[in-house]
Amino acid sequence: CVSVLVCGCSWCLFYFYFQEVLPVLAAKHCMMQATAELHQSALANQKKRFGEEIARLQHATELVKTVASRYDEYVNVKDLSDKINRALTAAKKDNDFIYHDRVPEVKDLEHIGKAALVKTTSIQVPLSQTFTDLFEKMVPMEVQQSLSLSNSRRADTVNRLVGSLREATNLCNGVLASLNLPAALEDLSGDSVPQSILEKSRAVVQQGGLHSIEQLIKDLPELLQRNREILDESLKMLDDEETTDNELRTKFSQRWNRTPSGDLYKPLRAEGGNFRSVLDKAVQADQVVRERYNSHCEMIALLCKPENELCAAIPSANPAKTLQGSEVVNVLKAQLGQLDAIKREREVLEGEIKSVTFDMTAKFLTALAQDGAINEEALSAAELDSRYGSHTQRVQQNLRAQEDLLGQVQTSHQEFAALKQSNAEANDREEMLKKLASAHDSYIEITSNLKEGTKFYNDLTEILLKFQNKCSDIVFARKTERDELLKELQQSIAREPSAPSFSVPAYQSNTSTPAAGGPTPAPRTMFPKAQPPARPPPPSFTPQAASSTPGQAPASQVPPPASSNPPPMAPPSAPSQAQGPPYPSYQGYPGYTSFPSFRSITVILFIYN
């Protein structure tokens, strides 16, 4: 039946497909081809191919007629047929009267090709300009460690070169401030503020003056306290967990068999100790900056005042106009110009050093693939020498040029000081100008140090937060492990017996006879149970008694004759299974007569019948 049903369904689908679907598909195909020929005829008309236009319209007309004759019940082609006929009539009329173009055969017409609806573009990789490959930086652990060491060497090299340049700049500023240059060359009149001092005053005011420094100094303790709180909280989590672990280890002794927290937290405590030492050094550096600010605070405040107040604060001196235009002054000005050029070159050189970037990943991967090991020190040294070798030479040349110029400046200044008229007022004025110049340099350096300190504390906060998360994660894992271990220990303790095993006394045992050689148990008082009376035997009946009249005495009162046979009895050795239960039955109260059993009644009735 199932086969017949399946075959019937298949035949129905097959019949529906060939009777309904295929005709519709064939009609649609003809209609689409006729529409394509209609559009292609319009294109041929635009290209002045009037014969081809007529041929395509005739082919479209034949296709429409085919659809109308064969598949008229499925589709309606009246509108399409009218449209094609109108176009064909107009095309024939124009060709007959005007163009007289030859109409080709349908088989000679060019096949209608595919239309390019969109322009193909090649796929560019990556698809987005902001694309970042997540697995680009995944390298073997040896390469990662080598990259970390190489970056550390690169940072040391950059810090060494930049530090030497900044140290040379500070040295140059200090020497010029001690010589009161270039203010001494600009203050030949003795009664106006030198131009260099005015420029330094404007620079201090533009950078915020005292208010900006005081705000930066005020923010440092808050940043320091925040970092200390994060570090203390991280270490406190470790201390609390370690204390709990030690208490449980003391309580359970050998059963507490997990790794001690003190051994597990040694790397974290070492890292926390490093952070604490860094914070202590930062506190000392902040104190040095604060002391330097306190020593120059008065002069910095003076630089922030307007020009008239600044001029009034500077002592005036006798004019020294005789030195204007002298050869010593011109030499000093030229030497100071060369020093300024060296400083500008140093700033450019510092930017170039910081902008050098390179990646050692490819070289480390190649070395690991070829040799199976990475000689990080040799590879990094070679790369650093090739990248920073030219910069190192330029730094050395810059430092030597500054050293030579400073020697020449000091020599020229001695000649200038010998020619300059000296008196008490001039010395006071020169001393004030030196302090103002030194205050400007100190302001620039203090501001830079405070900004670097603020950035340092902010960066350290992010690092300490990561350290705190690391401590929190490991403490949480240790607490989870502790809870599981405590649960196992509690279950094992609950399964243990509450008291040690002991021997049961012999007199409480169930054995009736004491063991050989054992002690004799104490006598126990036994009370005898009352035994029920013996069950009376069932009554015996004779046939005569069964057949006697009702007025006669029962057979149990008349002794049977000697020749009478007793009723058949079961042998005593094989008691019947229909007897009563093995336990004694209840005998009843006094005067109670037991009712005969069911078997006895059956025998009596049988004999009676």
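Since the structure is predicted, the reported quantities are computational estimates derived from the model, not experimental observations.

Visitor: Is there a simple way to explain the nonpolar core in this structure?
Guide: In a soluble, globular protein the nonpolar side chains are often hidden away together inside. Counting residues in hydrophobic clusters, the biggest one holds 42 residues, and the most contacted among them are Ile197, Leu310, Leu436 and Leu450. Elements supplying a minimum of two residues to this core: α6 (195–206), α7 (209–252), α9 (266–303) and α14 (424–495). With 13 residues, the top contributor of residues to this core is α14. Setting aside residues no more than four positions away along its own chain, Leu310 makes contact with Val193, Ile197, Leu198, Ser201, Leu302 and Leu436. Within the second largest apolar cluster, 18 residues are counted, among which are Ala34, Leu57, Leu80 and Ile84.

Visitor: I keep staring at the packing of α7 against α9 and nothing clicks. Help me out?
Guide: Geometrically, a packed helix pair is captured by the angle between its two axes and the distance between the axes. One can describe the packing of α7 onto α9 by two numbers: an axis separation of 11 Å at closest approach and a directional angle of 165 degrees. If you check the angle between α7 and α9, you find them roughly antiparallel. Between α7 and α9 the crossing geometry is left-handed. Looking at the contact of α7 with α9, its residues break down into 17 nonpolar, two polar and ten charged.

Visitor: How do you make sense of the packing of helix α4 (residues 141–178) against helix α11 (residues 327–355) when you look at a structure like this?
Guide: Across the interface, α4 lies against α11 with an axial gap of 11 Å and an inter-helix angle of 165 degrees. With respect to each other, α4 and α11 are oriented roughly antiparallel. Note that α4 runs across α11; the crossing there is left-handed. Of the residues in α11, those touching α4 at Arg154, Val158, Leu161, Val162, Leu165, Arg166, Ala168, Thr169, Cys172, Asn173 and Leu176 are Leu336, Leu339, Lys343, Arg346, Leu349, Glu350, Ile353 and Lys354.

Visitor: It is not clear to me how the side chain of Glu53 should be interpreted in this structure. Could you clarify?
Guide: You can see Glu53 is positioned in helix α2 (residues 50–70). In this structure Glu53 is buried but unpaired, with Lys48 as the nearest side chain of opposite charge at 9.5 Å.

Visitor: Is there a simple way to think about unusual backbone geometry in this case?
Guide: What you tend to see is this: most non-glycine residues have negative phi, and most peptide bonds are trans. Phi is positive for Lys48, which is not a glycine, with a value near 65 degrees. Looking at where Lys48 falls in the secondary structure, it is placed in the loop between α1 (2–46) and α2. With a phi close to 50 degrees, Ser253 is a non-glycine residue in the positive phi region. When you line up the elements, Ser253 lands in the loop between α7 and α8 (261–264). By relative accessible area, which is 45% here, Ser253 ends up partly exposed.

The rules behind the values
Residues numbered from 1 in each chain as written. Predicted model: local features only at pLDDT ≥ 70, side-chain atom pairs only at ≥ 80, totals over all residues. Heavy atoms only, no water. Core = buried A, V, L, I, M, F, W, Y, C linked by side-chain atoms within 4.5 Å. Buried < 20%, exposed > 50% of the residue type's maximum accessible area, 1.4 Å probe, protein only. Helix = DSSP H or I, 4+ residues; strand = E, 2+ residues; numbered from the N terminus. Contact = heavy atoms within 4.5 Å. Axes fitted to C-alpha atoms, helices over the stretch in contact; angles between N-to-C directions. Parallel < 35°, antiparallel > 145°, perpendicular 65-115°, else oblique. Left-handed = near helix turned anticlockwise from the far one by under 90°. Nonpolar A, V, L, I, M, F, W, Y, C, P; charged D, E, K, R; others polar. Lys, Arg positive; Asp, Glu negative; His and termini not counted. Salt bridge = Lys/Arg side-chain N within 4 Å of Asp/Glu carboxyl O.

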